[in-house]
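Observations on the model geometry
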Amino acid sequence: MGEIQRPGALYQQVAAEIRSGIAAGEYKPGSPLPSEAQLIERYKVSRPTVRKAIAALRAEGLIEVIHGKGSYVRALPAPAVTIERTITRSGTTFRTGHHAWEQAEAPAIYRTATTAITGPLLGLAEGEALFGVDRLLTDPDTGTRALHSVLIPFATADQAEQLAEAPDTEPEQIYAVLTAAGHKLTWHETVSARMPLPDERSTLDIPDATPILHTARVTHGTDDRPLILEELRASADRAQLGYRVTSDNLRLLHAVETP
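Residues numbered from 1 in each chain as written. Predicted model: local features only at pLDDT ≥ 70, side-chain atom pairs only at ≥ 80, totals over all residues. Heavy atoms only, no water.

With that out of the way, let us pick up the overall build of the chain. A count of helices and strands for the chain gives eight helices and 13 strands. The C-alpha radius of gyration computed for the chain amounts to 24 Å, which surpasses the reference 18 Å derived for 259 residues by more than 25%, pointing to a less compact arrangement than a globule. Referenced to the eigenvectors of the C-alpha coordinate spread, the extents of the chain come out at roughly 75 × 35 × 35 Å. Residues counted as buried form 39% of the 259 residues belonging to the chain. (Helix = DSSP H or I, 4+ residues; strand = E, 2+ residues; numbered from the N terminus. Rg over C-alpha atoms; globule rule 2.2 N^0.38 Å. Buried < 20%, exposed > 50% of the residue type's maximum accessible area, 1.4 Å probe, protein only.)

Time to look at the packing of helix H2 (residues 36-43) against helix H3 (residues 47-59). Closest axis-to-axis distance for the H2/H3 pair is 9 Å, and the angle between their directions is 110°. With respect to their mutual orientation, H2 and H3 come out roughly perpendicular. Each of Glu 36, Leu 39 and Ile 40 in H2 lies in contact with H3, whose residues at this interface are Arg 47, Val 50, Arg 51 and Ile 54. Of the residues belonging to the contact of H2 with H3, the class tally is four nonpolar, no polar and three charged. (Axes fitted to C-alpha atoms, helices over the stretch in contact; angles between N-to-C directions. Parallel < 35°, antiparallel > 145°, perpendicular 65-115°, else oblique. Contact = heavy atoms within 4.5 Å. Nonpolar A, V, L, I, M, F, W, Y, C, P; charged D, E, K, R; others polar.)

Our next topic: the sheet that holds strand S12 (residues 239-242). The strand order across the open sheet built from three strands is S4-S3-S12, with neighbouring strands paired in mixed fashion. Each edge of the open sheet carries a strand with a single partner, namely strand S4 (93-97) and S12. Looking at each pair of strands side by side, their axes are set apart by 20° on average, direction ignored. Bridge count between strand S3 (residues 81-90) and S4: four bridges; the pairing is antiparallel. Note on S4: the bridge partner recorded for Thr 88 is Arg 95. Against the sheet, helix H7 (residues 171-180) touches S3 and S4, its axis set at about 145° to S4. (Pairing = 2+ DSSP bridges.)

A word on the side chain of His 214. If you trace the backbone, His 214 turns up in strand S10 (residues 212-220). Within the local environment of His 214, its side chain forms a polar contact with the side chain of Glu 231, the two groups lying 3.1 Å apart. When residues no more than four places from it in sequence are discounted, the contact partners of His 214 are Thr 190, Val 191, Ser 192, Arg 194, Glu 231, Leu 232 and Arg 233. (Polar contact = N/O pair within 3.5 Å; in protein donor to acceptor, adjacent residues only side chain to side chain.)

What follows is the structure, encoded as structure tokens:
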């Protein structure tokens, strides 16, 4: 009795019981949990203990609380959209998998600098000058949102006048510009999953306790030199990533990392 009298241990035990019920199918995806009063009666605990248990399960992403209705077991549907990450080329024209996505607002253009994370990806020291361009994209069929960012080192922009004058050039066109400047392009992409920052959660309209997919694609030029960095972020419960792997010279390498 002594251990379960401690509030922390008690609400954790209630949460564990409900979690087991979800795993066993007693509470099915999309169905409501018993009311607070029913949970109080069932587990012989106080209202604050039940509320702490519900809050813990909500933080885990197992349930969602709908104002005025109660707590529901969170449904886990298949992702709403597949974002094709393969790059294709026909002559001097490049095509990416999200070319048909719509821009929800005008691109945001700014000047920034490499960080301890972006610097190594671009082969630069921390604090090197960059052009940055952020785009909020939406899939016209599902309404799924994605944040796309491009970081262009000043050294890359110096090689292509168009990039210096218009950093918000579409990525597909950037590839064409760099190719025209004499580069034979290759790409390297990594994919990770992490919890969103507060501004990412609101912009992408992400439910509580839902991770995002974060891709980092580096375009390499002649001598494998990094030229630009693109980042794409999307809700992991709304999107999945697709890759077409071929054996030709246009290659896209990718790896999956887990936090």
